[in-house]
Amino acid sequence: MVNDASVLQAKVNPRLLLDLIERVGAAARYGVVQVPLGDADHGQQEEVVAAWCERTGNELVEVSGGVAKIRRGRSADPFDGLLPDQIPGTRLWMYTNFDCNLACDYCCVRSSPQTARAALGIDRVRRLAAEAVDAGVSELILTGGEPFLLPDIDALVAACTAVLPTTLLTNGMLLRGRRLDALRRMDRDRLILQISLDSPTSEIHDAHRGRGSWDRAVTGIKIAREEGFRVKVAATLPYEQTHAVEPFHQFLEGLGIDREDRVIRALAHRGVAEQGIELTLETLIPEVTVTDTGVYWHPVSAEHADQLVTRDIFPLQAAITQVRHRFAEHRAHAVAAAQWFPCA
Amino acid sequence: MSEPLLVGAVAYTPNVVPIWEGMRDYFADTDAPIDFILYSNYGRQVDALLAGSIDLAWNTNLAWVRTVGQTQGACRALAMRDTDTVFQTVLVARAGSNLDGIESLRGKRLALGSQDSAQAAILPVHYLQQAGLDSDSVELIRINSDVGKHGDTGRSELDALRAVLEERADAAAIGINTWEAMGREDLMPGAFEAFWTSPTYSHCNFTALPSLGADRAGPWVEALFAMDWENPRHREILEMEGLRKWVPPELAGYASLFEAVETQGISIQW
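Residues numbered from 1 in each chain as written. Chains lettered and ligands numbered in written order. Predicted model: local features only at pLDDT ≥ 70, side-chain atom pairs only at ≥ 80, totals over all residues. Heavy atoms only, no water.

### Some points on the interface of chain A and chain B
For clarity, the threshold we go by: Two residues form a contact once any of their heavy atoms are found within 4.5 Å. Two parts placed together each lose some accessible area under a 1.4 Å probe, and adding up what both lose gives the buried area. Salt bridges are defined as contacts in which a side-chain nitrogen from Lys or Arg sits within 4 Å of a carboxyl oxygen from Asp or Glu. What qualifies as a polar contact is a pair of N or O atoms within 3.5 Å, subject to a donor-acceptor requirement within protein and to the restriction that residues adjacent in sequence count only when both atoms come from side chains.
Counting from both sides, the interface comprises 25 residues of chain A and, opposite them, 25 residues of chain B. When the buried surface of chain A facing chain B is broken down by residue, A:Leu18, A:Arg29 and A:Arg55 rank first, second and third, together holding 31% of it. Remark: the boundary between chain A and chain B carries four salt bridges. A salt bridge links A:Asp19 to B:Arg162, with the nearest nitrogen and oxygen atoms 3.1 Å apart. Remark: the boundary between chain A and chain B carries seven residue pairs in polar contact (both at pLDDT 80 or more).

Next comes the structure, spelled out in structure tokens:
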């Protein structure tokens, strides 16, 4: 609503309201009309247009070049059509660290043994987990790098599982010695391990991840299951191979991995990957992702400036709100574009 | 399943189509299915009702008065919107005009909307006459922007307000719905102010002829009243049509318009 009546009184063009009513009133439902703001101060005119839209149940799509674009009625819920766990802010990803014992040739965040650690640390993970509950997050997901390289990985996981169901992504290759001990201290009822495995035999997996990595990943899957953990297996494949995975399914069947616990995803053109599907802010349903440098749109782009949402990790609720708002804006823009270019 | 009732409505905005498609979908799940026919103006619609081409007409208050006149009172109103029972005319001027009350229009210029708009032309003249003001006392500036649609588009009222801004008139007569759409005085303080508001009167209703028996009208009205604001599917239709619930007709609310039509010599036909 307008707050400073005395200022608006002097500078707002009252014809604007009449034009708004006439043009929007003549528009079809969900149609977008343009209303020029006139010569007066555009900021104040925009304030009036926004207040009018709010009051009358219409939607101010945008103001640019002195013209307001207004949708008759309000666009559909931007989250319509999404599965419950796809609604932005339902899941919170945390990059615990970026260093890794592998140097996969398609890693979306360029992790390798040479990569700096860049750890979130126990204090921030604990605070994020606590704020996540208040922000309505229902699942926490920890990833790296390779999280088991961290000496306090069990404490990080415990901070998460204490408040929410948690998934820990790992290559599964380090589950022995003190790291196996750390695994054993984790909450089997609240933690799922998601282990990367790209193929039913070693050739493809090792070609991307390094010789011997397939054997050790399979061993890791078996160890985790023997220790009583629910294990998901995630494969990253070139897009054209994602529809021919029956042998892989048969192999995972043999490992005792349930169908619902198999995640097969297309290779993304991100990080060090030289090819893969293109993922942009406009085409990705966001999954709020926190690293030591800020909040990102999606875990696949967690070290890409184009998908940085904010440098401010805290308060988490503000970051989630910002992601949701931008996602809603993108969808509204897509609808508006369809309105303006119906034949394109 | 009985033959659908045919409902007539005037297409004064593109949104009349989704409104009536929504109504048709709603009634398809009841014992009283409908279909609809759209007309370009209320004259055509009432003619169609009298000719038996449609079973029900979604009429403005002037269309109701004229249907009553042409049927010698035999037609009946079945239902209206809750908002139709409390319609009002508002007299609006530039803020700071020092107009206060309808009598303050003496010697001033009043912009009226379309000549067939009850809220923006016929009833304002009626209220002026009630206040002892005739055409010698107040200069009437008629703006007939959307004749035929009985002021439904609101365009003539907006043009009347533009006349005030351009100082071609001192005040404008508009419907309460247009005043609400402007956000009253709240959104643009210092632009316009209301200096008189009329008593409430009735606006639209569903009009039927005696040939529509109670066996068909009854289930239809019952289903109409069952539309529920709390039901999202119903609410979408109700919002577009501008109501929260359907209610029985308030016939007493048409008395002022009957009187105005008679006093002003407005024809009961087109």
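### Description of the nonpolar core
This is how it is decided: As used in this record, nonpolar core signifies buried Ala, Val, Leu, Ile, Met, Phe, Trp, Tyr and Cys residues forming a set joined through side-chain atoms within 4.5 Å. Using a 1.4 Å probe on the protein chains alone, a residue whose accessible area is under 20% of its type maximum counts as buried, one over 50% counts as exposed, and one in between counts as partly exposed. The way it works is that DSSP assigns letters per residue, a run of H or I at least four long becomes a helix, a run of E at least two long becomes a strand, and they are numbered from the N terminus.
Counting residues in hydrophobic clusters, the biggest one holds 82 residues, and the most contacted among them are A:Ile70, B:Leu105, B:Leu110, B:Leu161, B:Met182 and B:Phe192. The element best represented in this core is helix α4 (residues 118-130) of chain B, accounting for seven residues. Setting aside residues up to four positions removed in sequence, B:Leu105 forms contacts with B:Leu91, B:Leu99, B:Leu110, B:Leu128, B:Leu133, B:Ser137, B:Val138, B:Ala171 and B:Phe195. Judged by nonpolar contacts, the second largest core, of 65 residues, contains A:Phe79, A:Leu175, A:Leu183 and A:Leu284.

### Side note on the sheet that holds strand β9 (residues 262-266) of chain A
Residue and element names in this part refer to chain A. The line we're drawing: DSSP bridges decide pairing: two strands pair if at least two such bridges lie between them. Note on definitions: angles span 0 to 180 degrees between N-to-C directions of axes, and those axes are lines fitted to C-alpha atoms, for helices only across the stretch in contact.
Here we have nine strands laid out as an open sheet, ordered β9-β8-β7-β6-β5-β4-β10-β11-β12, and mixed in their pairing. One side of each edge strand has no neighbouring strand; the edge strands of this open sheet are β9 and β12 (308-310). Adjacent strand axes in the sheet meet at a mean angle of 25 degrees, parallel and antiparallel pairs treated alike. As judged from the two bridges shared by strand β11 (residues 294-296) and β12, these two strands associate in the antiparallel manner. Following the sheet pairing, Val295 is matched in β12 by Thr310. The sheet strands contacting helix α4 (residues 122-134) are β4 (91-95), β5 (139-143) and β10 (289-291), and the helix crosses β4 at an angle near 175 degrees.

### Focus: the domain arrangement of chain B
All names here are of chain B. Our working rule: These domain limits were set by an automatic method or by a database of domain assignments.
Taken domain by domain, chain B holds domain 1 (5-84 + 202-263) and domain 2 (88-197). Here domain 1 and domain 2 have C-alpha centroids that lie 27 Å from each other. Each partner contributes residues to the interface: domain 1 has 17 residues there, and domain 2 has 13 residues. Across the interface of domain 1 and domain 2, roughly 1200 Å² is buried in total on both sides, 63% from carbon and sulfur atoms. Contact with domain 2 buries surface across domain 1, with Tyr12, Tyr42 and Leu62 losing the most and accounting together for 34% of the total. One can count zero salt bridges joining domain 1 with domain 2. On the surface where domain 1 and domain 2 come into contact, there are five residue pairs in polar contact (both at pLDDT 80 or more). Elements with a minimum of two residues in the side of domain 1 that touches domain 2: α3 (61-70) and α9 (255-263).

### Examining the domain arrangement of chain A
Taken domain by domain, chain A consists of domain 1 (5-74) and domain 2 (85-315). Between domain 1 of chain A and domain 2 of chain A, the C-alpha centre-to-centre distance is 46 Å.

### Description of the pairing of strand β6 (residues 109-112) of chain B
Residue and element names in this part refer to chain B. Where we set the bar: Look down the strands so they point away from you; if the path from the first strand over the helix to the second goes clockwise, the crossover is right-handed.
Looking at chain direction, β6 and strand β7 (residues 139-142) are connected through four bridges and run parallel. Within the sheet, the bridge partner assigned to Ala111 lies in β7 and is Ile141. For the handedness criterion, the β-α-β arrangement of β6, α4 and β7 is classed as right-handed. The pairing of β6 with strand β8 (residues 171-175) spans two bridges and is parallel. Opposite Ala111, over in β8, you have Ala172 as the bridge partner.

### Re the packing of helix α2 (residues 42-50) of chain B against α3(B)
All names here are of chain B. Counted only if it meets this: We call a crossing left-handed when the near helix sits turned anticlockwise from the far one by less than a right angle, and right-handed when that turn is clockwise. The nonpolar class holds Ala, Val, Leu, Ile, Met, Phe, Trp, Tyr, Cys and Pro. Asp, Glu, Lys and Arg form the charged class, and all remaining residues, Gly among them, are polar.
Between α2 and α3, whose axes approach to 11 Å, the crossing angle comes to 35 degrees. Viewed along their axes, α2 and α3 form a crossing whose handedness is right-handed. Facing Tyr42, Val46, Leu49 and Leu50 of α2, the residues of α3 in contact are Ala63, Thr67 and Gln70. Each residue belonging to the contact of α2 with α3 can be placed in one class, and the counts come to five nonpolar, two polar and no charged.

### Quick word on the environment of B:Asn61
Residue and element names in this part refer to chain B. You can see Asn61 is positioned in helix α3. A residue is classified by how much of its surface remains accessible, and Asn61, at 1% relative accessible area, is buried. Along the chain, Asn61 and Met227 lie 166 residues apart, while their C-alpha atoms are 23 Å from each other. With residues up to four places along the chain from it excluded, the contact list for Asn61 reads Ala118, Tyr201, Ser202, His203, Cys204, Tyr254 and Leu257.

### Notes on the sheet that holds strand β3 (residues 67-71) of chain A
Residues and elements named next belong to chain A. With antiparallel pairing, three strands are arranged side by side in an open sheet as β1-β3-β2. Looking at the sheet topology across the chains shown, the edges are occupied by β1 (32-36) and β2 (59-64). For this sheet, the mean angle separating the axes of adjacent strands, direction not counted, is 25 degrees. Of the pairings in the sheet, the one linking β1 to β3 comprises five bridges and is antiparallel in character. The partner of Val35 across the bridge, within β3, is Ala68. This element, helix α2 (residues 15-25), spans β1 and β3 of the sheet and lies at about 160 degrees to β1. Running over the sheet, helix α3 (residues 42-56) touches β2 and β3 and is turned about 165 degrees from β2.

### Re the side chain of B:Ser256
All names here are of chain B. As for its position among the elements, Ser256 is in helix α9. What makes Ser256 buried here is its relative accessible area of 17%. Sequence-distant contacts of Ser256, defined by excluding residues within four places in its chain, comprise Leu123, His126, Tyr127 and Tyr201.

### With respect to helix α5 (residues 153-161) of chain A
Residue and element names in this part refer to chain A. α5 sits mainly inside the fold: seven of its nine residues count as buried. Where α5 is concerned, the buried positions are Ile153, Asp154, Leu156, Val157, Ala159, Cys160 and Thr161. Tucked inside the fold, the buried residues of α5 contact β4, α4, β5, β6 (166-170), α6 (177-184) and β7 (191-196).

### Notes on the packing of aromatic side chains
Stated formally: Centres within 6.5 Å are what make two rings of Phe, Tyr or Trp a pair, Trp counting through its six-membered ring; a difference in plane orientation under 30 degrees is then read as stacked, over 60 as edge-to-face, and the rest as tilted.
According to the stated counting rule, one finds 13 aromatic pairs over all chains in the structure shown. Note on A:Trp214 and A:Phe251: the rings are 5.5 Å apart at their centroids and 35 degrees apart in plane angle, and the pair reads as tilted. With A:Trp214 in helix α8 (residues 213-226) and A:Phe251 in helix α9 (residues 246-255), this pair connects stretches of sequence that are 37 residues apart. Its relative accessible area of 23% is what places A:Phe251 among the partly exposed residues. Ring centres of B:Phe87 and B:Tyr201 lie 5.9 Å apart, and the angle between their planes is 50 degrees; on these two criteria the pair is classed as tilted. Within this pair, whereas B:Phe87 is found in the loop between β4 (76-81) and β5 (89-94), its partner B:Tyr201 is found in the loop between β9 (192-197) and β10 (205-208), the two being separated by 114 residues in sequence. An identical accessibility class is assigned to B:Phe87 and B:Tyr201; each is buried. Among the aromatic side chains, those forming a connected cluster through ring pairs are B:Trp20, B:Tyr26, B:Phe27, B:Trp58, B:Phe206, B:Trp220 and B:Trp246.

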